[in-house]
Amino acid sequence: MAIITSLIGELKHEASNTRKILLCVPDEMFDWKPHEKSMSLSQLANHIAELPRWIHYMMTGTGFNFVQEPFKRLKATSKSELIEGFDAIIREAVELLEKANDEELAVQWKLSRGEVVIFELPRKVAIRNLVMNHIIHHRGQLSVYLRLLNVPVPGLYGPSADER
C-alpha cells in the first residue's frame, strides 16, 4: 500500500473523531476557561478545527515562515461555524493529498519563524506530527474541558464513560 493511501485513510478516520468531539462544544460556553492560563473553549476548538489547514501549506510549498506570512486562523463564533469551517478545511486537505504521491510526501518541508528553523522534516512526517498528533493532543484537552463542563464526552477509540 502506498504511504499516501495510508495517510489519507488515517486523516479521514481522525477527522471523523475530531468532528464528533467538536459537535459536543456548547455554544453558550465558548468563552469558558478551566484556568486563567488556559485557552478558552472557543480558542481550543478553533485551533483543533484549523490544524488540518497545515496540509495546504505543506502540499503547496516547501516551507512556512511565520514572519513572512500569517497562518490563516479559523475564528468561528458558534458551533455551526466551527463545524462548517472544519469540514471545509478537511475537504481541502483530503483533496490535496488525493492529488499527491509518495515521492511528494518525501520532499523536505521547513517550518520557521524568521531565521529560526523550528523543524525541517519530510512532508509525511510533518503531516503526522504537526497535523495528526497535534489534533489528537488537543482533542484530549478538549475532552477534559467537556468533562469539567458536564458535557457528555463521545468515545473516540471505543466507548466513553458517557456511552456505557
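See above for the structure.
Residues numbered from 1 in each chain as written. Predicted model: local features only at pLDDT ≥ 70, side-chain atom pairs only at ≥ 80, totals over all residues. Heavy atoms only, no water.

1. Details of helix H2 (residues 41-50)
Three- or four-residue spacings in an α-helix give side chains the same orientation, since the helix completes a turn every 3.6 residues. Within H2, nine of the 10 residues are buried, leaving the element largely enclosed by the surrounding structure. Here H2 has its buried residues at Leu 41, Ser 42, Leu 44, Ala 45, Asn 46, His 47, Ile 48, Ala 49 and Glu 50. Structurally, H2 contributes buried residues whose contacts are with helix H1 (3-22), helix H3 (54-60), helix H4 (79-98) and helix H6 (123-148). (Buried < 20%, exposed > 50% of the residue type's maximum accessible area, 1.4 Å probe, protein only. Helix = DSSP H or I, 4+ residues; strand = E, 2+ residues; numbered from the N terminus. Contact = heavy atoms within 4.5 Å.)

2. Some points on the pairing of strand S3 (residues 116-122)
As judged from the six bridges shared by strand S2 (residues 108-113) and S3, these two strands associate in the antiparallel manner. Residue pairing across strands places Lys 110 opposite Glu 120, the latter belonging to S3. Connecting S2 to the antiparallel partner S3 that follows it, the hairpin turn spans two residues, and Gly 114 within it adopts a positive phi of roughly 65°. (Pairing = 2+ DSSP bridges.)

3. Observations regarding the pairing of S2
The pairing of strand S1 (residues 63-65) with S2 spans three bridges and is parallel. Pairing of Phe 64 across the sheet is with Leu 111, part of S2.

4. So, empty space enclosed by the protein
For the coordinates displayed, the defined rule picks out one cavity of 30 Å³ or more. Roughly 30 Å³ of internal volume is contained in the largest cavity. Every residue lining the largest cavity is listed: Leu 11, Glu 14, Ala 15, Thr 18, Pro 52, Phe 86, Ile 90 and Ile 135. Contributions of two or more residues to the lining of the largest cavity are made by H1 and H4. Among the elements that make up the lining of the largest cavity, the one with the highest residue count is H1 (four residues). Here the lining of the largest cavity is composed, by residue class, of six nonpolar, one polar and one charged. (1 Å grid on protein atoms, 1.4 Å probe; cavity = no way out; pocket = protein on both sides within 12 Å on 5 of 7 lines; lining within 4 Å. Points joined across faces, edges and corners; volume = space filled by probe spheres on them. Nonpolar A, V, L, I, M, F, W, Y, C, P; charged D, E, K, R; others polar.)

5. Here we look at the pattern of salt bridges
What the rule picks out here adds up to six salt bridges. Between Glu 10 and Arg 128 there is a salt bridge; the shortest N-O distance is 2.7 Å. One end of the pair, Glu 10, is in helix H1; the other, Arg 128, is in helix H6, with 118 residues separating them in the sequence. Its salt-bridge partner being Arg 73, residue Glu 50 comes within 2.3 Å of it at the nearest N-O pair. (Salt bridge = Lys/Arg side-chain N within 4 Å of Asp/Glu carboxyl O.)

6. Regarding H1
Here H1 is 20 residues long and its end C-alpha atoms lie 28 Å apart, about the 28 Å a rise of 1.5 Å per residue gives. Restricting attention to buried positions, one finds in H1 the residues Ile 4, Leu 7, Ile 8, Leu 11, Glu 14, Ala 15, Asn 17, Thr 18, Ile 21 and Leu 22. Residues of H1 that are buried make contact with H2, H3, H4, helix H5 (102-105) and H6. (Expected span 1.5 Å × (residues − 1).)

7. Some points on the environment of Thr 5
By secondary structure assignment, the location of Thr 5 is in helix H1. Separated by 29 residues in sequence, Thr 5 and Pro 34 have C-alpha atoms that sit 39 Å apart.

8. Section: the packing of aromatic side chains
Tallied over the full model, the rule gives 10 aromatic pairs. With a centroid separation of 5.8 Å and an interplanar angle of 70°, the aromatic rings of Trp 54 and Phe 66 are classed as edge-to-face. In this pair, Trp 54 sits in helix H3 while Phe 66 sits in the loop between S1 and H4, placing the two residues 12 residues apart along the sequence. Exposure remark for Trp 54: the relative accessible area of 5% places this residue in the buried category. On the numbers, 5.6 Å between centres and 45° between planes, the contact of Tyr 57 with Phe 71 is tilted. Pair noted here: Tyr 57 is in helix H3 and Phe 71 is in the loop between S1 and H4, with a separation of 14 residues, a long-range link. (Phe/Tyr/Trp six-rings, centres within 6.5 Å; stacked < 30°, edge-to-face > 60°.)

What is shown is where atoms sit, not what they do.
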